[in-house]
Amino acid sequence: MGTSAIEYTFADVQKKLGHGGTFVTGCCSVVVAILIILFGPAAVAQLGQKQYGLVRNKMTGVVNLDTSYEPGRYWIGFWSEFLEFPSTLNTIEFSDEVPEEGVQHLSYLNSRDMDGKPVYMDVSIQYKLKQESLGTLYYEFQNTYEDVYISALRDALSKVGNNFKISRMWEDYRAVNKLMKDACDLVLAERHAYCWDLQLWRGGPGGRYEDG
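So, how was this worked out
- Residues numbered from 1 in each chain as written.
- Predicted model: local features only at pLDDT ≥ 70, side-chain atom pairs only at ≥ 80, totals over all residues.
- Heavy atoms only, no water.
- Helix = DSSP H or I, 4+ residues; strand = E, 2+ residues; numbered from the N terminus.
- Buried < 20%, exposed > 50% of the residue type's maximum accessible area, 1.4 Å probe, protein only.
- Lys, Arg positive; Asp, Glu negative; His and termini not counted.
- Salt bridge = Lys/Arg side-chain N within 4 Å of Asp/Glu carboxyl O.
- Polar contact = N/O pair within 3.5 Å; in protein donor to acceptor, adjacent residues only side chain to side chain.
- Contact = heavy atoms within 4.5 Å.
- Axes fitted to C-alpha atoms, helices over the stretch in contact; angles between N-to-C directions.
- Left-handed = near helix turned anticlockwise from the far one by under 90°.
- Nonpolar A, V, L, I, M, F, W, Y, C, P; charged D, E, K, R; others polar.
- Disulfide = S-S within 2.5 Å.

Caption draft 1: Highlighting unusual backbone geometry. Of note, the phi angle at Gln142 is positive, near 55°, even though the residue is not glycine. Relative to the elements of secondary structure, Gln142 occurs in the loop between helix H3 (134-141) and helix H4 (145-160). Assessed through its relative accessible area of 42%, Gln142 is described here as partly exposed. A positive phi angle is found at His192, which is not glycine, with a value near 65°. Along the chain, His192 turns up in the loop between helix H6 (173-189) and strand S8 (193-205). His192 gets classed as buried once you look at its relative accessible area, which sits at 13%.

Pasting the structure below:
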């Protein structure tokens, strides 16, 4: 009974081709080796410390939203690159004072207390992105997520001021600070981040501040 096509092995093919087959095989091996040398290093990407990453195809612009990466070296192909996101704590500060480097310069919070009196507050917030939700974060906000956080936090924290009298800011600072931290937790949890901490560090009536 004859041998079927699928029963041929590489050795069978090489016997039929003779020395020419050996030459072809050798050439193919050399070409593969050259391609690995040329493109191998370019296919490995480094994701730096203090960064999370999503992989984007440089040719199509398509981002893989299903897998996020921690710091390290990864084989992602020379046609891909990392979109980087901070894995460390980030700061949002509502204040007229000049913030530290890398923090947006924003104005203080305006609100009204439960009696309708104007209230001004300086607030600092530290937040951290959720790695497990990085794909959803990018899908919803792209790279504008911090601007989204700022807008949502300004609105939510200003509304918290409606729930107490101005005097409570210095009479029961911890309770007021907790009200604001709870609001921060809710706002950022809905937007794929943790509100790590919040400090109401200055505030008072009108344009005059009282130390908190």
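That shown, we press on.
Caption draft 2: Fine view of the side chain of Asp113. With respect to the helices and strands, Asp113 occurs in the loop between strand S6 (109-112) and strand S7 (118-129). Look at Asp113: it is buried, it has no salt bridge, and the nearest opposite charge is Lys117 at 5.5 Å. Side-chain polar atoms of Asp113 contact the backbone nitrogen of Asp115, separated by 2.9 Å. From its side chain, Asp113 meets the backbone nitrogen of Ile166 in a polar contact 3.1 Å long. When residues no more than four places from it in sequence are discounted, the contact partners of Asp113 are Val119, Gly161, Asn162, Phe164, Lys165 and Ile166.

Caption draft 3: Layout of the packing of H4 against H6. Between H4 and H6, the least distance of the axes is 9 Å, while the angle of their chain directions is 145°. Between H4 and H6 lies a crossing whose hand is right-handed. Here H4 contributes Tyr149, Ala152, Leu153, Ala156, Leu157 and Val160 to the contact with H6, which in turn contributes Leu179, Met180, Ala183, Cys184, Val187 and Leu188. Considering only residue class, the contact of H4 with H6 consists of 12 nonpolar, no polar and no charged.

Caption draft 4: Quick peek at the state of the cysteines. Taken as a whole and judged by the stated rule, the model has one disulfide. At a sulfur-sulfur separation of 2.1 Å, the disulfide partner of Cys184 is Cys195. Here the S-S torsion is close to 105°, and the disulfide linking Cys184 with Cys195 is therefore right-handed. One end of the pair, Cys184, is in helix H6; the other, Cys195, is in strand S8, and 11 residues separate them in sequence.

This is a description of form; function is not addressed.
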